Amino acid sequence: MLLLALDVILIPAALLFVLLVEPHSTQLDTAEQWGELAAMAGLMMVSGALLASALGLPNVKLNTFEQNAILKSCLFTALVSLVGLMSRAVITPSAMQGSAFIMFWMALTIFAVTSRFVIRHFLRKIYAFSKKRDRVLIYGAGQTGVQLAVALKTDATLDPVAFIDDNSTLQNVIVAGLRVYPPVMVEHLVKEMGIRRVVLAMPSLSRSKLSLIARKLQRQGCDVRMMPSFARLVNDGDLLSSIQPINPGMFLNRPGRQFDRKRIDKTYQNQSILVTGAGGSIGSELCRQVLASNPSRLVLFDVSEAALYQIDRELQAMLEERAPEQRPLVVPIMGSVTDRAALERVMTQNEITVVFHAAAYKHVPLVEKNPIPALRNNVLGTRNVAEVAREVGVKRFVLVSTDKAVRPANVMGATKRMAELSVQDLAERPRDTRFAIVRFGNVLGSSGSVIPLFEEQIRAGGPVTVTHREVTRYFMTIGEASHLVLLAGTYAEGGEVFVLDMGKPVPIVKLATQIIENAGYTVKDEENPDGDIEIEITGLRPGEKLHEELLIGSNVVATENDKILRAREELFSELEMAAALRATEKAIASGQPDEVRALLAKWVTGFADMARISAENVQSSISEHGADR
C-alpha cells in the first residue's frame, strides 16, 4: 500500500514540477483554471491508482526492482500522461498545453523509478548495518558472474564486493556496480576487503583449470566455490547431482539380475533375524530388505555407535509408515563379534532363528597395515558368531565373503578365506543350522568402493587415480548383493559357496572413463590434451591383484536362479581346523604382524604364492610408473 500511495502522490508532484520548470506551457490566470487543473490532477491520481494496481507495481519488491519493473513503471507513467492529455480536451482545454504532457511524462517516470532505487538503497544500508553479511569476491566478470552479482545483491547473507578477471579489457571497469580487478590483486583484496568467500563463475573453463585456480585461492584462506552457468542449473538441477549416478547399475556393462522376492519373503517372514555389521553398506541394505519381508524381530548388531544410530533411525522412520500391528521389533545392539558372551546373550534373549554375518574389516590397504585386528575380527569373530548360532539352534546362517578370498594376495582376502573354512568346518557338524557362504565381487556404491572415490576426485578437479591400466574387477550393485545373501539363505543345504554370475570383469580404466563422462566432463589424455579430468596410473598397491576370481574349484552347479551359482570347495578336516584356530590365537597373542602373515601363508592355500606375485607386480609397477614420472 505504501508503494501505491507513493505512485499516486508522485502524480501531482510531477505536475507541480512542470509548472515550475515550464511556466509558459500553462495558463493559470483565473480561479476557474486552477480548479480545472485540480480536477484534472484528481482524475489522473485516481486513474494512476487503478493503473498501478492493474500493472502490479505495488507488488514488485524493492530488492527485485530491475529492468522488467522499470519497463512497467514507464508504461504506468505513459498511461497516466495519456489520461491527462485526454482529460485536457474535456476538463482543462486552456489550463495546460499539450506539449507540457511530454515534460510531465518524463518527470513522472524519473520520479517513479528514482524514488524506488533511493528507498531500496537506504533499506539495504539499514539492513547491512543491522546484520553482517559475508563478503564475496566473484572470479569471472562474464555473463555468469554478472548474473551471480545481481542475484547476490539481494541476498541476506552474502555481499558481492568485486570481480576478478584476467581479461585486460574488463579490468578497472565497473560491471553490475562492481569494479573488475586483475588476478594479481586477489591477495590484496582478500586482506583489505575482509573477503571470506570466492565464487568461480567461469563455467566454460575446464575443470582442471578451475581446480588449479581454486587451490591458489584456498591458500589465501578463502572458502572457494565453483559456479555452473545459470542455464546449466535450470536444465540439469543441482550441480553436485550431475556427478551422482542415479543408478550405479549403469556401470555394470550387463543387465541387472532379477531375484525371486516371493521366495525371500516366505523364508524370512515372522523370523527373528540378527544382522552383524548392520551399520555397514551391505549390512544396512540387508536390514532394509529383511524389514520388507516382515520378520517378527530384527536385531542390529554393530561395533560402531554412529553407524548403528544411523541405520536404526532410518528403519524406525520406515516403520512409522506402517500400521502399528505391522511393525516388527527393531533392536539396536552395540557390540563386537569378538565378544562371545555378548553374542550368546543377544541370540538367546532375542530367540534368533536367522543370522546374516556381514561384520568384517574389508578395506585392503588398511587391513594390510593392521593384520592382527583383522585376523581377530574376521576369523575368530566369524567363528564366534557361527559357533554360537549353532549352539542356540539358529536355523540359517549366511556368511558374507568376498572374491578376494579366492587364492588371496592380501591379508584381508586371506582372513576371509579362513573365515570361510571355519564356517565350512561347522557345516560338517551342523546340528539344526544350515550354513552358507556368499562371495561378492566389488559392490558399487558401498563404502570404500571406487565410485565414491572417483566422484570425490572429480569434484576436486582430478586426477582420477587408477592403480594399473590392466586391472579388472567383478562388480555388482548393493541391491544385487543383498538379494544374493537373502536367497543364499533359502537355497542353503550346508557349507555351500554361492556366487552371482556377474558377467565379464570390468576394466577399472573403462569404469573411470564412464564416471568422468557421466559427470559431464571429458578425459584429459594424449589424444585429448584439452580434456577436463586426467586419469593417473599410480601403480599397484601391496596385496592388490590385477584380476580377481570367484571360485576355487570347478565343482559348480546352478540353483533355481540360473544367475546364482552354487559351489562345494575343499575344506579342512576337523583336526586341521582346530589346529588352524589354535595357531590363529597364538599369532594374535604374539602381537607380531609377521607371525600373522606366516600363519596365513601356512593355512591359506595360494596366499604365499599370490602375495609373492603381487609384491613382484607392485615392484614392477613402481619401476614402470616411477620411470614415467
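Going by the structure above, here's the rest.
The rules behind the values
Residues numbered from 1 in each chain as written. Predicted model: local features only at pLDDT ≥ 70, side-chain atom pairs only at ≥ 80, totals over all residues. Heavy atoms only, no water. Helix = DSSP H or I, 4+ residues; strand = E, 2+ residues; numbered from the N terminus. Buried < 20%, exposed > 50% of the residue type's maximum accessible area, 1.4 Å probe, protein only. Contact = heavy atoms within 4.5 Å. Areas by Shrake-Rupley, 256 points an atom, 1.4 Å probe, with all protein chains shown as cover. Pairing = 2+ DSSP bridges. Axes fitted to C-alpha atoms, helices over the stretch in contact; angles between N-to-C directions. Arc of directions from axis to C-beta. Patch = residues over 30% accessible without salt bridge, like charges linked within 9 Å, V, L, I, M, F, W, Y side chains within 5 Å. Salt bridge = Lys/Arg side-chain N within 4 Å of Asp/Glu carboxyl O. Lys, Arg positive; Asp, Glu negative; His and termini not counted. Charge placed at Lys NZ, Arg CZ, Asp CG, Glu CD. Core = buried A, V, L, I, M, F, W, Y, C linked by side-chain atoms within 4.5 Å. Phe/Tyr/Trp six-rings, centres within 6.5 Å; stacked < 30°, edge-to-face > 60°. Parallel < 35°, antiparallel > 145°, perpendicular 65-115°, else oblique. Left-handed = near helix turned anticlockwise from the far one by under 90°. Nonpolar A, V, L, I, M, F, W, Y, C, P; charged D, E, K, R; others polar.

Engineer: Could you give me a rundown of the overall build of the chain, with the residues and numbers involved?
Structural biologist: Counting its secondary structure elements, the chain contains 21 helices and 22 strands. Of all 629 residues assigned to the chain, the portion counted as buried reaches 50%. For the chain, restricting intrachain contacts to residue pairs at least 6 apart in sequence, the fraction spanning at least 24 positions comes to 77%. Put simply, the chain shows about 30100 Å² of open surface, and 55% of that area lies on carbon and sulfur atoms.

Engineer: Give me the lowdown on the sheet that holds strand β14 (residues 464–466), citing residues and values where you can.
Structural biologist: Spatially, the 3 strands line up as an open sheet ordered β14-β20-β19, and their pairing is parallel. Of all the strands in the sheet, just β14 and β19 (523–524) have a single pairing partner and so form its edges. Note: β19 against strand β20 (residues 533–537), 2 bridges, orientation parallel. Note on β20: the bridge partner recorded for K524 is E534. With respect to the sheet, helix α16 (residues 450–459) is in contact with β14 and β20, its orientation differing from that of β14 by roughly 140 degrees. Sitting on the sheet, helix α18 (residues 508–518) is in contact with β14, β19 and β20, with an inclination near 165 degrees to β20.

Engineer: Quick rundown of the sheet that holds strand β1 (residues 134–139)? Include the residues and the values.
Structural biologist: Ordered in space as β3-β4-β2-β1-β5-β6, the 6 strands form an open sheet in which the pairing is mixed. Two strands bound the open sheet, and with one partner strand each, they are β3 (174–175) and β6 (223–226). The pairing of strand β5 (residues 197–200) with β6 spans 4 bridges and is parallel. Each residue of the ladder has a partner; that of L200, found in β6, is M226. Strands in contact with helix α5 (residues 143–152) are β1, β2 (158–164), β3, β4 (178–181) and β5; relative to β2, the strand with the most contacts, it is inclined by about 155 degrees. Helix α6 (residues 186–193) contacts β1, β2 and β4 of the sheet and is inclined by roughly 155 degrees relative to β2.

Engineer: Give me the lowdown on helix α9 (residues 261–268), citing residues and values where you can.
Structural biologist: Burial in α9 covers these residues: I264, T267 and Y268. In a view along the axis of α9, the buried residues occupy a sector of 80 degrees, so they form one face of it. For α9, the exposed residues set more than 90 degrees away from the buried face come down to K262 and K266. Packing partners of the buried residues in α9 comprise β7 (272–276), β10 (354–357), β11 (396–402) and α17 (478–491). Just beyond α9, the residue with positive phi is N270, at close to 65 degrees.

Engineer: Give me α18: which residues, what numbers.
Structural biologist: Three or more residues of α18 are buried, namely I508, V509, L511, A512, I515 and I516. Relative to the axis of α18, the buried residues are bounded by an arc of 160 degrees and lie together on one face. Once α18 finishes, G520 follows within two positions and takes phi at roughly 95 degrees, a positive value.

Engineer: Pulling in residues and values, what's your account of a negative patch on the surface?
Structural biologist: A cluster of acidic residues, D525, E526, E527 and E534, forms a negative patch at the surface. You can see E526 is positioned in the loop between β19 and β20. Residue classification places E526 among the exposed residues on the basis of a relative accessible area of 82%.

Engineer: Give a description of the pairing of β4 that names residues and reports values.
Structural biologist: For a regular strand, side chains alternate in direction, first toward one face of the sheet and then toward the other. Sheet topology places β2 next to β4; 2 bridges connect them, and they run parallel. When the sheet's bridge partners are listed, F163 is paired in β4 with V180. Pairing of β3 with β4, which is carried by 2 bridges, proceeds in the antiparallel orientation. Note that in β4 the partner of V175 across the bridge is L178. Connecting β3 to the next strand, β4, in antiparallel fashion are 2 residues, including A176 with a positive phi near 55 degrees.

Engineer: Quick one: what's the story with the nonpolar core, residue by residue and with numbers?
Structural biologist: Ranked by internal contacts, the top residues of the largest apolar core, which has 72 residues, are L298, L300, M347, V355, F356, F397 and F440. Apart from residues lying up to four places away in sequence, L300 is in contact with V275, A278, C287, L308, I311, D312, L315, V330, V331, P332 and I333.

Engineer: Hey, could you go over the packing of aromatic side chains for me, with residue numbers and the actual values?
Structural biologist: The final tally for this structure, using the stated rule, is 5 aromatic pairs. Aromatic side chains F572 and W603 sit 5.7 Å apart centroid to centroid with 70 degrees between the ring planes, which places their arrangement in the edge-to-face category. With a gap of 31 residues between them, F572 in the loop between β22 (564–567) and α19 (574–590) and W603 in helix α20 (residues 593–603) connect regions that are remote in the sequence. You'll find F572 and W603 in the same group, each marked buried.

Engineer: Please provide a residue-by-residue account of the side chain of T584, values included.
Structural biologist: For T584, the position within the fold is in helix α19. Here T584 falls in the buried class, since its relative accessible area comes to 0%.

Engineer: Go over the pairing of β10, please, and point to the residues and values.
Structural biologist: Burial along β10 is two-sided: the residues V354 and F356 and V355 and H357 are all buried. By the bridge criterion, 4 bridges tie β7 to β10 in an arrangement that is parallel. Considered in β10, the bridge of V275 is made with F356. Where β10 and β11 come together, 4 bridges link them in parallel fashion. In the sheet register, V354 faces β11, and the bridge partner there is R396.

Engineer: Which residues make up the pattern of salt bridges, and what values go with them?
Structural biologist: All told, the structure shown has 18 salt bridges when counted by the stated rule. The salt bridge partner of R340 is E344, with a shortest N-O separation of 3.5 Å. You can see R340 and its partner E344 sitting in helix α12 (residues 340–349), 4 residues apart, about one turn around the helix. By sharing partners, the salt bridges in this structure join R340, E344, R383, E387, E391, D425, R429 and E574 into a single network.

Engineer: Could you give an account of unusual backbone geometry, with specific residues and numbers?
Structural biologist: Even without glycine at this site, A176 takes up a positive phi of about 55 degrees. Checked against the element boundaries, A176 lands in the loop between β3 and β4. Here A176 falls in the partly exposed class, since its relative accessible area comes to 25%. Phi is positive for N294, which is not a glycine, with a value near 60 degrees.

Engineer: Can you explain the packing of α12 against helix α14 (residues 371–392)? Please cite residues and give values.
Structural biologist: Axis separation between α12 and α14 bottoms out at 10 Å; the angle between their running directions is 40 degrees. Our classification of the angle between α12 and α14 gives oblique. In this structure, the crossing between α12 and α14 has a hand that is right-handed. Along its contact with α12, which presents R340, L343, E344, M347 and T348, the element α14 presents N384, V385, E387, V388, A389, E391 and V392. Of the residues assigned to the contact of α12 with α14, the class counts are 6 nonpolar, 2 polar and 4 charged.

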